[in-house]
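Close look at the chain arrangement
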Amino acid sequence: MSALHGLQTAAVSIRSVRKVYGDPDSGPVALKSVDLDIRDNEFFTLLGPSGCGKTTLLRMIAGFEFPTAGEILLYGENIADRAPYDRPVNTVFQHYALFPHMTIAQNLAFGLESHPMGQRLGKAAVAGRVREMLALVQMERFAERRPTQLSGGQQQRVALARALAPHPKVLLLDEPLSALDLKLRQAMREELKAIQAKTGITFIFVTHDQEEALTMSDRIAVLAEGEVQQVGRPADIYEQPRNRFVADFIGETNFLPAQVDEIAGGQALFRIPGGRTLRAASREGLRPGAEVTLSIRPERLRLVGAEDPQATPCTLAEQIYLGTDLQYQVSLADGTRLRVRTPNSAGQSQRFAPGERLGLQFDRDSASVLLD
Ligand code: ATP
């Protein structure tokens, strides 16, 4: 049994899972060797670009695919021999796959009665559960409509209610919002998060959309090329990205070459182009003199007048009006280009002329050192 923090059994444990499609010696490698512990009650997101292996991992938890090596445990039990319908897991797909000839209530009842858990329920209990689930996704009023009489967002709610009806312990969601338009996607994010909190079911959500991942998740695993790059809370991933891939994939960032000056008390001092120093959390294996790359988010930089003695001299290359924000490109003396972003708040908006000489300030703790 896998202990998490010595206390809690993980809802899902992925142990050294490798997946090769077709011939294990020559087929495409979808996952190299993945280890993950997903906690009970957690909203956990698998985030990564197309082809990184996130759907493959989800399909193995569901039982639609099998690991080439390694094992998957559900609440401590190895589920390798359990068929998909015999796992306490259900899936919401990107495409709703509702039966067009049935009403919404009939779709839910049919889904429940086809499930091993629903087969134990009588007609009245099924009808009760259908009403309860439609209320949960605020679709009671549409119970007698057919799927074609609903919008895409409403159909996705029904698909969610259908997947939740058998009370799975773990709900798998494979890019469920990607077919919806932006406004609806944003509204559904809040609703999904609220439904997860209300039901207490562990959600494993797959997406390539970093904003979706940041806004909904308790924790995120970032995947690339079949490997987990980093696991952490949204703020950890955004503010302390482990490597160049994570820093670049989540939000926007600046990469700044730097040299380690000194290390003390878990902190390192880095010398950056232009001669000034920046402090950041040190990393294992870091030595004075080492050449590293720092990641600094554009919103953690500020432009001030060239006369400010604390600031690093820079020249404005261009500015872009983004509505909510203003974005600038500046060059340091050695030619290093950095992006700076400031809120376009009334009275504070800064307008400079391209070519203007300015000063650049770095917020405290704005830098994180990347491992590779
Ligand atoms: P997307 O966001 O595009 O769905 P993903 O991160 O979910 O991508 P997967 O669908 O898991 O990625 O695919 C991972 C890799 O495995 C890809 O290189 C893909 O081409 C390959 N792959 C997936 N399914 C199969 C299959 N049935 N046979 C062979 N290769 C496959």
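Residues numbered from 1 in each chain as written. Predicted model: local features only at pLDDT ≥ 70, side-chain atom pairs only at ≥ 80, totals over all residues. Heavy atoms only, no water.

Turning next to helix α4 (residues 152–164). When the terminal C-alpha atoms of α4 are compared, their 18 Å separation across 13 residues agrees well with the 18 Å that a helix rising 1.5 Å per residue should span. With eleven of 13 residues buried, α4 lies mostly within the body of the structure. When we look at burial in α4, the residues that qualify are Gly153, Gln155, Gln156, Arg157, Val158, Ala159, Leu160, Ala161, Arg162, Ala163 and Leu164. Contacts from the buried residues of α4 go to β8 (89–92), α2 (104–113), α3 (123–136), β9 (170–174), α5 (182–199) and β10 (202–207). (Helix = DSSP H or I, 4+ residues; strand = E, 2+ residues; numbered from the N terminus. Expected span 1.5 Å × (residues − 1). Buried < 20%, exposed > 50% of the residue type's maximum accessible area, 1.4 Å probe, protein only. Contact = heavy atoms within 4.5 Å.)

Residue position: Gly285 is located in the loop between β15 (277–281) and β16 (291–296). Note: C-alpha distance between Gly285 and Gly48 (237 residues apart in sequence) is 27 Å.

Right, let's talk about the packing of α2 against α4 for a bit. Packing of α2 against α4 brings their axes to within 8 Å, and their N-to-C directions diverge by 30°. As summarised for this structure, α2 and α4 are arranged roughly parallel, according to the angle between their axes. For α2 against α4, the interelement crossing comes out right-handed. On α4, the residues that touch Ile104, Asn107, Leu108 and Gly111 of α2 are Val158, Ala161 and Arg162. Here the contact of α2 with α4 is composed, by residue class, of four nonpolar, two polar and one charged. (Axes fitted to C-alpha atoms, helices over the stretch in contact; angles between N-to-C directions. Parallel < 35°, antiparallel > 145°, perpendicular 65-115°, else oblique. Left-handed = near helix turned anticlockwise from the far one by under 90°. Nonpolar A, V, L, I, M, F, W, Y, C, P; charged D, E, K, R; others polar.)

Taken residue by residue, α2 has Ile104, Ala105, Asn107, Leu108, Ala109 and Leu112 as its buried positions. On the buried face of α2, the contacting elements are α3 and α4.

Our next topic: the side chain of Asp325. Within the secondary structure, Asp325 sits in strand β19 (residues 325–332). On the basis of relative accessible area, Asp325 is assigned to the buried category, the value being 18%. Here Asp325 is in contact with Ile320, Arg341, Thr342, Pro343 and Asn344, once residues within four sequence places are set aside.

What follows covers unusual backbone geometry. Backbone geometry at Gln138 places phi at a positive 55°, although glycine is not the residue there. Looking at where Gln138 falls in the secondary structure, it is placed in the loop between α3 and α4. Given a relative accessible area of 52%, Gln138 falls into the exposed group. Backbone geometry places His167, a non-glycine residue, at a positive phi of 55°. Summarising the element assignment, His167 is placed in the loop between α4 and β9.

Attention now moves to the UniProt feature "domain: ABC transporter" (unreviewed entry) in the protein chain. Residues given the UniProt feature "domain: ABC transporter" (unreviewed entry) here are residues 12–250. Helix makes up 35% of residues 12–250 and strand 25%, and the two end C-alpha atoms of the span are 25 Å apart. (UniProt positions renumbered as here; feature names shortened; annotations may be inferred.)

Right, let's get into the pattern of salt bridges. A full pass over the atoms with the stated rule returns 19 salt bridges. Across the pair Asp37 and Arg15 runs a salt bridge whose closest N-O atoms are separated by 3.4 Å. Residue Asp37 is located in strand β4 (residues 29–38), and its partner Arg15 is located in strand β3 (residues 12–20); the two are separated by 22 residues in the primary sequence. Of the residues examined, Arg15 reaches a relative accessible area of 24% and is grouped as partly exposed. Of the charged contacts, one joins Arg129 and Glu132 as a salt bridge, the two residues approaching to 3.8 Å between their closest N and O atoms. Remark: Glu132 and Arg129 occur in helix α3; sequence separation between them is three residues, near one turn of the helix. (Salt bridge = Lys/Arg side-chain N within 4 Å of Asp/Glu carboxyl O.)

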